[in-house]
Amino acid sequence: MKKLFAVCLILAVMLSVPFAKVVKAEESSYIDISDARTVYFIGDTFDYGSVSVVYNGFEIQSTNLTVEGFSANTLGSRTVKLSYNGMSVSYTITVYQRV
């Protein structure tokens, strides 16, 4: 009976301690474009606030990104590439004329 009580006590303690999720470093670093602005108008500047960057589990300022291919000086669609410390992601934006 004492052994059963000891086992139950150990299980209760183990279950009350929150488990930490182990995340590999590469899984905790990413550029999130799920809310990225894809529609711009002639003369607009790149909207850094619409993307987020997580590096080694910490959110960093998106203004630290390198932005390639962005231009709101001509109409049409183009591919924008965002990079930070070896990570990169590309997506399409479209530039329209204001009416």
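So, here's what we can say about the structure. (Residues numbered from 1 in each chain as written. Predicted model: local features only at pLDDT ≥ 70, side-chain atom pairs only at ≥ 80, totals over all residues. Heavy atoms only, no water.)

**What to know about the environment of Ala 72**
Tracing the backbone through its elements, the reader meets Ala 72 in the loop between β5 (66-68) and β6 (76-84). Ala 72 sits in the buried class, given a relative accessible area of 3%. Sequence separation between Ala 72 and Ile 42 is 30 residues; the distance between their C-alpha atoms is 5.0 Å. Beyond its immediate sequence surroundings of up to four residues, Ala 72 is in contact with Phe 41, Ile 42, Gly 43, Asp 44 and Val 95. (Helix = DSSP H or I, 4+ residues; strand = E, 2+ residues; numbered from the N terminus. Buried < 20%, exposed > 50% of the residue type's maximum accessible area, 1.4 Å probe, protein only. Contact = heavy atoms within 4.5 Å.)

**Thoughts on the nonpolar core**
Leu 65, Leu 82 and Tyr 91 are the most contacted members of the largest nonpolar core, which has 15 residues in total. Of all elements in the fold, only β6 and β7 (87-96) reach the threshold of two or more residues within this core. Broken down by element, this core gets its largest block of residues, four residues, from β7. (Core = buried A, V, L, I, M, F, W, Y, C linked by side-chain atoms within 4.5 Å.)

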